[in-house]
Amino acid sequence: MIYKLSFAVALCFSLCFDLCIAESYVLDDKVGLGRTFDGIGGLSGGGATSRLLVNYAEPYRSQILDYLFKPNFGASLHILKVEIGGDAQTTDGTEPSHMHYENDENFFRGYEWWLMREAKKRNPNITLIGLPWAFPGWVGHGKNWPYDFPDITASYVVSWILGAKHYHDLNIDYVGIWNERNFDSKYIKLLRYTLDKSGLERVRIIASDNLWQPITYSLCVDQELAEAVDVIGAHYPGTTTVIEALKTQKKLWSSEDYSTFNDEVGGGCWARILNQNYVNGLMTATISWNLVASYYEDLPFGRDGLMTAEEPWTGNYVVESPIWITAHTTQFSQPGWTYLQTVGHLVHGGSYVALTDSNGNLTVVIETMTHDHSVCIRPPLLPFNVTAQNVTFQLKGSFASIKELQVWQSRFDFKTKKPFFFKKLSPFKISDGSFTLSLDVDEVYTLTTISTGLKGTYPDPPTSGPFPKVYFDDFNVANPSFSEAPDFADQTGVFEYYINLTDPGPHVFTLRQVVTQMPVTWATDADQTISIIGDYKWQNLTVTCDVFMETVKTGGVFIAARVDKGGQSVRSAKGVFFWVFADGSYKVTNDLVGKTVLAEGLSGTRAYGWHTLTLTVEGQYATGLLNGYPLWKDAVVLGPKNGWAAIGTHSFELAQFDNFAVEAK
């Protein structure tokens, strides 16, 4: 009997040996330090990903901004990267340029200026980055390429940086250079020269802000190029870099990353890459695309932000897990801190990083995310294993005298569905310069000497709800805070508030489509401009709008219902499109490109006169009114069954819209 009991004890011991024995890791600054930490950030743009945020009423808008930027409250971001608007479709919509035309400058279009000011108001030390994803057509002189005339492109970008300072007192710290095909070394050098000539020597260049190669090879063989570039940025690097990038001795950043649905797997993705971008790739900054999912969810990459704010009509927003995963790093370390050389992978899976301010403070971040609970949308993630484990950290060097560490924990808990995030635990008392942790899978820990961490809270926002079924906008805003009308999401072209000083009548304040040339863009812009609005689930509805064509003979405008696609897929959008043209005709089509015609005929419409269009779609039939009188009826709708409402133009042309109304059933 005694033998059997001893055997059972031995068997139990052997089964739990790996878990019971703690692996040991050293945290030591005397062996030298690693690279300087540059921060964690979010990206607004690429494109129009903060579109709905500006339409939130207070106090909800400020609460959202606090969760993103306020130090020691939420994500407490160190970096804000924004799109330099180029009037072009760049993923989920278009953002207006500060120069629609060559002789045009306006530094109050769009919402990125406002967003940067709000971020700076909360964190005066935040790093600001601008990157153009696209350019107005005039920059390319008729070609879909911005670098044939590099002096023009450089002057265009520098003017945006100068405008940020002159009109908004914003100092842009970095400017990125990106395109889908390649980088242009001549342009990079010219941009550096133009920045310096304009008194912007402090503005640093990120190149290619896309891929590790071929820029890294060129930096190694071109000294002038190497002097112009400060940071090598990669998009979605998969936590790894290339040897040539390390040889350049440049800062290495994951300058666009994450891009993943912000459920708990998305939070796990973010937790894994925030640590392993440095552990595997020595990247000292990671920037999330996107900052906040504040665009219609049925557009491409819906809810791929650090948090969700897509209902300005209700005020509802959701603080998702990536906000608190970010806080594990951002609230306890700052740009200018330094990584220790003693960082790495845990024996039984997961990783740890350690940072110091070189003044005695230490922050350690540990993650044990499993493969299936930390998959990012890109690149593919190779299999790996993580198991529960005990770990002991030995503090050496200047950390040997630390007696206590603050502890914060997040647990995803995919089994019981009872996760918790950024929970403050009792401080760890350090004994003999070491401490031991029992780690389960899918956890994040921060252990730190910093005691200012806080999980900020606000009262619950209003309940979520659909877009209003009855909606009206007469655009009568004399001094609008933003150039776009509330809730309209431009997909191709740019629709801005317009004061028509030549019209003393009811149409002084209108919404005007202002882009008259196909932009220089990497995405698939449509040939027709379009702005969507409303509820993607709408099926039966009436859309009404006053329209004004400004192009004689060839001009055309439309209103639409059940529009089923936007973003990069907008060219293939289907729905019910009611067009009228300046040549006196009309057409009803089942698609944006106008190939599937449901009805057509004479309308008597002309340019430079106001017309009221009304489109009713119910079941399989659609009817249209012109100026209150039936123009066509009972057109058979081939599909889709639901989608947004929309307005737009036949081509890149000037046109105005007023008194927009929707009534959905």
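Fair warning: this is a prediction, and the values are worked out from it, not measured in the lab. (Residues numbered from 1 in each chain as written. Predicted model: local features only at pLDDT ≥ 70, side-chain atom pairs only at ≥ 80, totals over all residues. Heavy atoms only, no water.)

### Thoughts on empty space enclosed by the protein
Using the criterion set out here, one finds five cavities of 30 Å³ or more in the structure. When its volume is computed, the largest cavity comes out at roughly 100 Å³. What lines the largest cavity is a set of 13 residues, among which Gly-85, Pro-96, Arg-109, Trp-113 and Trp-160 lie closest to the centre. Here the lining of the largest cavity is composed, by residue class, of five nonpolar, four polar and four charged. (1 Å grid on protein atoms, 1.4 Å probe; cavity = no way out; pocket = protein on both sides within 12 Å on 5 of 7 lines; lining within 4 Å. Points joined across faces, edges and corners; volume = space filled by probe spheres on them. Nonpolar A, V, L, I, M, F, W, Y, C, P; charged D, E, K, R; others polar.)

### Observations regarding the environment of Glu-102
Mapped onto the secondary structure, Glu-102 falls in the loop between β4 (79–83) and α4 (112–122). Distance from Glu-102 to Ile-152, taken between C-alpha atoms, is 9.5 Å for residues 50 residues apart in sequence. (Helix = DSSP H or I, 4+ residues; strand = E, 2+ residues; numbered from the N terminus.)

### Details of the confidence of the model for the protein
Predicted confidence across the protein gives a mean pLDDT of 95, with 97% of residues reaching 70 or more. Per-element mean pLDDT across the protein ranges from 35 in helix α1 (residues 2–15) up to 99 in helix α3 (residues 60–69). Confidence drops under pLDDT 50 across residues 1–19; counting only partners more than four residues distant or on other chains, this segment forms four contacts. (pLDDT = per-residue confidence, 0-100. Contact = heavy atoms within 4.5 Å.)

### Overview of the sheet that holds strand β26 (residues 529–533)
Pairing is antiparallel across the open sheet formed by seven strands, whose spatial order is β23-β26-β35-β28-β29-β30-β31. Each edge of the sheet is formed by a strand with only one pairing partner; in this case those strands are β23 (489–492) and β31 (597–602). The mean inter-strand angle of the sheet, taken between neighbouring strand axes irrespective of direction, is 20°. As paired strands, strand β28 (residues 556–563) and strand β29 (residues 574–581) are joined by six bridges and run antiparallel to one another. Bridge pairing links Gly-556 to Phe-581 in β29. (Pairing = 2+ DSSP bridges. Axes fitted to C-alpha atoms, helices over the stretch in contact; angles between N-to-C directions.)

### Thoughts on the sheet that holds strand β17 (residues 389–396)
Whenever strands of a sheet pair, they do so through backbone hydrogen bonds, lying parallel or antiparallel. One open sheet accounts for three strands, arranged β1-β17-β20; its pairing is mixed. A single partner strand is all that each edge strand has here, and the edge strands are β1 (23–28) and β20 (434–439). Averaged over neighbouring strand pairs, the angle between their axes works out to 25° when direction is ignored. The pairing of β1 with β17 spans six bridges and is parallel. Within β17, the residue paired with Glu-23 across the bridge is Val-391.

### Details of the pairing of β17
Remember that side chains alternate between the two faces of the sheet whenever the strand is regular. With respect to burial, β17 is a largely interior element, six of its eight residues being buried. Examined bridge by bridge, β17 and β20 share six bridges and lie antiparallel to one another. Residue pairing across strands places Val-391 opposite Leu-437, the latter belonging to β20. (Buried < 20%, exposed > 50% of the residue type's maximum accessible area, 1.4 Å probe, protein only.)

### As for the UniProt feature "domain: Glycosyl hydrolase family 59 C-terminal lectin" (unreviewed entry) in the protein
The sites that carry the UniProt feature "domain: Glycosyl hydrolase family 59 C-terminal lectin" (unreviewed entry) are, in the present numbering, residues 490–664. Secondary structure within residues 490–664 divides into 0% helix and 54% strand; the distance between the first and last C-alpha atoms comes to 21 Å. (UniProt positions renumbered as here; feature names shortened; annotations may be inferred.)

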